[in-house]
Amino acid sequence: QVQLVESGGGLVQAGGSLRLSCAASGPIFSINAMGWFRQAPGKQRELVAAFTSGGSTNYAEAVKGRFTISRDNAKNTVYLQMNTLKPEDTSVYYCNADIRLLVAGLKYNYWGQGTQVTVSS
């Protein structure tokens with residue numbers, strides 16, 4: 001059973017920083033794409049930052065220059081360094097990954113359980 005486990009959320013004042021981590025575990029052959037989405041109450045889930053299957057990175061315009069996505073392939077882990085946080089960054093942040101399994105080479109999309117980030121003004 002593949003799992004994505006997030007950590008690092010919390011409460012921070014505006015202008016502060018947080019670092020989120022997402023570790024994938026289970027019968028993984030390869031991770032094709034991996035990244036972060038967020039969803040605020042009453043809003044749609046949106047992309048924050050992600051590594052594409054080609055290895056490039058995508059960022060939402062709202063976070064460019066403030067957030068940085070990085071990864072440790074050996075640990076199947078992706079990180080999101082969030083600096084200069086704003087109250088509008090308050091959301092539940094979800095990890096997402098396209099993973100090819102060891103069994104039969106099947107590929108599925110997985111979500112983590114989410115971690116709350118709250119930025120106070």
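Preceding block: the structure.
Residues numbered from 1 in each chain as written. Predicted model: local features only at pLDDT ≥ 70, side-chain atom pairs only at ≥ 80, totals over all residues. Heavy atoms only, no water.

Let's talk about the packing of aromatic side chains
Under the counting rule described, the total for this entry stands at 3 aromatic pairs. Taken together, a centroid distance of 5.1 Å and an interplanar angle of 70 degrees make the contact between Phe37 and Trp111 edge-to-face. Remark: Trp111 occurs in strand 10 (residues 107-111) and Phe37 occurs in strand 4 (residues 28-39); sequence separation between them is 74 residues. You can call Trp111 partly exposed: its relative accessible area is 38%. Between Tyr108 and Tyr110, the ring centres sit 6.4 Å apart and the planes meet at 70 degrees, which makes this aromatic pair edge-to-face. Here a set of aromatic residues connected by ring pairs shows up, and it is made of Phe37, Tyr94 and Trp111. Positioned above the aromatic ring of Tyr94 is the side chain of Arg45, whose terminal nitrogen or guanidinium carbon lies 3.7 Å from the ring centre. (Phe/Tyr/Trp six-rings, centres within 6.5 Å; stacked < 30°, edge-to-face > 60°. Helix = DSSP H or I, 4+ residues; strand = E, 2+ residues; numbered from the N terminus. Buried < 20%, exposed > 50% of the residue type's maximum accessible area, 1.4 Å probe, protein only. Lys NZ or Arg CZ within 6 Å of the ring centre and 35° of its normal.)

Points about the pattern of salt bridges
Under the counting rule described, the total for this entry stands at 4 salt bridges. Linking Arg38 and Asp89 is a salt bridge whose minimum nitrogen-to-oxygen distance equals 3.0 Å. In this pair, Arg38 is assigned in strand 4 and Asp89 in the loop between strand 8 (77-82) and strand 9 (91-101), connecting sequence segments 51 residues apart. Taken as a pair, Arg38 and Asp89 share a single burial class, namely buried. With its nearest N and O atoms 2.7 Å apart, the salt bridge here joins Arg66 to Asp89. Taken together, the residues Arg66 in the loop between strand 6 (57-59) and strand 7 (67-72) and Asp89 in the loop between strand 8 and strand 9 connect sequence positions 23 residues apart. Each member of the salt-bridge network shares a partner with another, and the members are Arg38, Glu46, Arg66 and Asp89. (Salt bridge = Lys/Arg side-chain N within 4 Å of Asp/Glu carboxyl O.)

Thoughts on the nonpolar core
Leu4, Trp36, Leu80, Met82, Tyr93 and Ile99 are the most contacted members of the largest nonpolar core, which has 29 residues in total. Counting only elements with at least two residues in this core, the list comes to strand 3 (18-25), strand 4, strand 5 (46-51), strand 7, strand 8, strand 9 and strand 11 (115-120). It is strand 9 that contributes the most residues to this core, 5 residues altogether. Other than its neighbours up to four places away in sequence, Leu4 contacts Cys22, Ala23, Ala24, Met34, Cys95, Asn96, Ala97, Ile99, Tyr110, Trp111, Gly112 and Gln113. (Core = buried A, V, L, I, M, F, W, Y, C linked by side-chain atoms within 4.5 Å. Contact = heavy atoms within 4.5 Å.)

Some points on the sheet that holds strand 8
Spatial ordering of the open sheet is given by 1-3-8-7, a layout of 4 strands whose pairing is antiparallel. Two strands close off the open sheet at either side, each with one partner strand: strand 1 (3-7) and strand 7. Put simply, the sheet's adjacent strands are angled 15 degrees from each other on average, direction ignored. (Pairing = 2+ DSSP bridges. Axes fitted to C-alpha atoms, helices over the stretch in contact; angles between N-to-C directions.)

Overview of the pairing of strand 11
Residues Thr115, Val117 and Val119 line the buried face of strand 11, whereas the alternating positions Gln116, Thr118 and Ser120 sit on a face that is not buried. By the bridge criterion, 4 bridges tie strand 2 (residues 10-13) to strand 11 in an arrangement that is parallel. Residue pairing across strands places Gln13 opposite Ser120, the latter belonging to strand 11. Here 3 bridges tie strand 9 to strand 11, and the two strands are oriented antiparallel to one another. Opposite Tyr93, over in strand 11, you have Thr115 as the bridge partner.

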